[in-house]
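# Structural features, examined
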Amino acid sequence: MSPLLGMTMNWLQLLKQLLGQRYHLPSNWLPLLALLISCIFIVVCVANGVSIAIALIFVWLIMAYALNQSGYDWSTLIDFSKKGAFSASIVIQIFLLIGWLTSMWQASGTIPTIISVGLSFLEPSLFVVCAFLLPALVSGLLGTSLGTVGTIGLVLIIIAKAGGIPADMVAGAIIAGAYVGDRNSPLSSSASLVAALTHTSVPRNIGPMFMNSLPALLVSIVLYTALSFMYPLETAESNLTEQIASTFTMTPMLWIPVAIVVALLPFKLSIRWPIGLSALAASVLAYLYQGHSVLELINMSFWGFTLPVDNPLSTIIYGGGIKVMAEPAVSIFVACAISGMLDGVGFWSSVRQLLEHAQTRSDIFVANVILSIITGGIGCSQSIATVMTHSIMRITYAKHKIQDKDVMLDFENTGIVLAPMIPWNIAAMIPTVMMDTSLTGYIPFAFYLYLLPLFHWYQLRKRSM
């Protein structure tokens, strides 16, 4: 056992004795305290550049120890954890496919082609706001945030890096824009999930959702427009288009991988199909048009695409590969193990006791926000966070007789948009890994994601005054 983990366990024992003697706390409160310590531990690890996968392994040990001290035997906790961990198998498959897709889109010349075309249409002085609005439009049409980031988002971030705009700033705009459609699109799986949980219907929810988000949307556009003027795209002296044309064989056939994704996503197939087929098509195009051998393509699939170091594009067009997704895959595996363990022991029943302190409408929403952050951090998934939080809070909403459409808005303004603000959550980790940007640097620039709950809270508070 490491000294750090041992010290944490000792602190838990000490706090258990001190607090248990002085305060009336919910039953099984020790796991709640362990959860709080775990959240702080993860934040400290992320701030200091410690691998999220390693941090989550320590969190599992902390939570398992607290639950064991509360009466659960180790074999039971391990069984619950295994059940949760193996539920991540499909997500891990998607991670690996995304790594393959990214490298093959680079190798085939698909991404360079889109960059070349995009540069001719983009207004340099409005690039940052375009990096918000274009993903918002695409995700609204397709209903998928990850598909949006993996297509138009990937192109925009490469253009930004080539044009001298801070990558974290543009990543924030792209991720925020991608979740505009993820929240508001009738094709969105998250919109369908929230509608099912709150006994509402997606078609009827679209109007109220959009109107509710309009203030945050407009303020975001203003802020991104201001940043656009402050950080214009530097293309005046750039010969990026010519460099792309001299490095890659350009042909309309290179749009086929994009067409496959766009054509298949609306059919609500498993995301594995459009990603896998698009990557396969791109690998064939890389062989036929760019002259890569089968062995080179296999190597790129695992290690990512690179150009010779003497090529001017080598620091702009690169990345992807299954290896890049290894850490996110391990992180999700461990996170699902933690989630499965907590679900198995009925951990969240203790949390409901704390919700009795929420009396006003705005207080209930704040409780939803806090729980969504916690469940989003533990479950590492937008959908897991939403389902967990609803399971915990549905009794509170029923007790206060809050209408279904208002419950729907609460969840659309919490777990759905807060999950992308948690660096180790799937909703954030996949986009940042795909774009090869900082895990946390984008957060201050993802205006829409935190303005939305802030405006909603203000409206609720003003209504109750």
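Below: a short report on this structure. Sequence positions are assigned chain by chain, starting from 1 and proceeding in written order. Local features in this predicted model are restricted to residues of pLDDT 70 or higher, and side-chain atom pairs are both shown and tallied only at a pLDDT of 80 or more, whereas totals for entire chains, interfaces and linings draw on every residue. The basis for the side-chain values is all heavy atoms of the structure; hydrogens and waters are excluded.

### Considerations on the packing of aromatic side chains
Working definition: rings of Phe, Tyr and Trp (its six-membered ring) pair if their centres are within 6.5 Å, and the pair is stacked with planes under 30 degrees apart, edge-to-face with planes over 60 apart, and tilted otherwise. According to the stated counting rule, one finds eight aromatic pairs in the structure shown. For the pair F447 and Y450, a centre-to-centre distance of 6.4 Å together with 85 degrees between the ring planes defines the contact as edge-to-face. Taken as a pair, F447 and Y450 lie in helix α23 (residues 447–464) at a separation of three residues, close to a single helical turn. Burial here depends on accessible area, computed with a 1.4 Å probe over protein chains only, as a share of the maximum for the residue type. Under 20% is buried, over 50% is exposed, and the range in between is partly exposed. Since its relative accessible area comes to 25%, Y450 is described here as partly exposed. By the ring-pair criterion, three or more aromatic residues cluster together here, those being F132, Y224, F447, Y448 and Y450. Only runs of H or I of at least four residues qualify as helices and only runs of E of at least two qualify as strands under DSSP, and these elements are numbered from the N terminus.

### A look at the packing of helix α9 (residues 167–184) against helix α22 (residues 426–435)
What counts as an axis is a line fitted to C-alpha atoms, over the stretch in contact for a helix, and the angles between N-to-C directions run from 0 to 180 degrees. Interaxial distance between α9 and α22 falls to 11 Å at its minimum, and their mutual angle equals 135 degrees. The orientation of α9 relative to α22 falls into the category oblique. Crossing geometry of α9 relative to α22 is assigned as right-handed. From α9, A171, I174, I175 and Y179 reach across to α22, where they touch A427, P431, T432 and M435. Its residues placed into classes, the contact of α9 with α22 shows seven nonpolar, one polar and no charged. Put simply, angles under 35 degrees are roughly parallel, angles over 145 are roughly antiparallel, angles from 65 to 115 are roughly perpendicular, and the rest are oblique. Helix crossings are classified by the rotation of the near helix relative to the far one: an anticlockwise turn of less than a right angle makes the crossing left-handed, while a clockwise turn makes it right-handed. Contacts are residue-level and defined by heavy atoms, with any inter-residue pair within 4.5 Å sufficient. Just so you know the grouping, Ala, Val, Leu, Ile, Met, Phe, Trp, Tyr, Cys and Pro go in nonpolar, Asp, Glu, Lys and Arg go in charged, and all remaining residues, Gly too, go in polar.

### A look at helix α12 (residues 240–247)
Because each turn of an α-helix spans 3.6 residues, side chains separated by three or four positions end up pointing in the same direction. Every buried residue of α12 is listed here: L240, Q243 and I244. Around the axis of α12, the buried residues are gathered within 100 degrees of arc, so they sit on the same side. Exposed and facing more than 90 degrees away from the buried side of α12 are E242 and S246. Arc definition: directions from the helix axis to the C-beta atoms.

### Regarding the packing of helix α13 (residues 256–264) against helix α14 (residues 272–289)
Remark: α13 packs on α14, axes separated minimally by 8 Å, with the N-to-C direction vectors making an angle of 165 degrees. Comparing the axis directions of α13 and α14 gives the class roughly antiparallel. Handedness of the α13/α14 crossing: right-handed. Of the residues in α14, those touching α13 at I256, P257, I260, V261 and L264 are W273, P274, L277, S278, A281, A282 and L285. Of the residues that constitute the contact of α13 with α14, the class distribution is eleven nonpolar, one polar and no charged.

### Some points on the side chain of S278
When you line up the elements, S278 lands in helix α14. Residue S278 is classed as buried on the basis of its relative accessible area of 0%. In this view, S278 contacts L101, W105, P257, I260 and V261; residues no more than four positions away in its chain are not counted.

### Overview of the environment of L67
Secondary-structure assignment places L67 in helix α3 (residues 52–69). For L67 and L77, which are ten residues apart along the polypeptide, the C-alpha to C-alpha distance reads 8.1 Å. If we skip the residues at most four places from it in the chain, L67 touches P31, Y72, L77, M341, L342 and V345.

### What to know about the pattern of salt bridges
Pairing is possible between side chains that carry opposite charge, provided their charged atoms lie close to one another. We count a salt bridge whenever a side-chain nitrogen from Lys or Arg sits within 4 Å of a carboxyl oxygen from Asp or Glu. Inspection of the entire model under this criterion finds two salt bridges. With a shortest N-O distance of 2.8 Å, R361 and D410 are connected by a salt bridge. On the criterion of sequence distance, the pair formed by R361 in helix α18 (residues 361–379) and D410 in helix α20 (residues 404–412) is long-range, its members being 49 residues apart. With respect to class, R361 is no different from D410; both count as buried.

### Here we look at the side chain of S108
Its location among the elements puts S108 in helix α5 (residues 89–108). Residues in contact with S108, not counting those within four places in the same chain, are L254, A282, L285, A286 and Q290.

### So, unusual backbone geometry
At H199, a residue that is not glycine, the phi angle is positive and equals roughly 60 degrees. Within the element layout of this structure, H199 appears in the loop between α10 (189–197) and α11 (202–230). Phi angles above zero are rare outside glycine, and D436 is one such case at about 55 degrees. Within the element layout of this structure, D436 appears in the loop between α22 and α23. A relative accessible area of 44% means that D436 is categorised as partly exposed.

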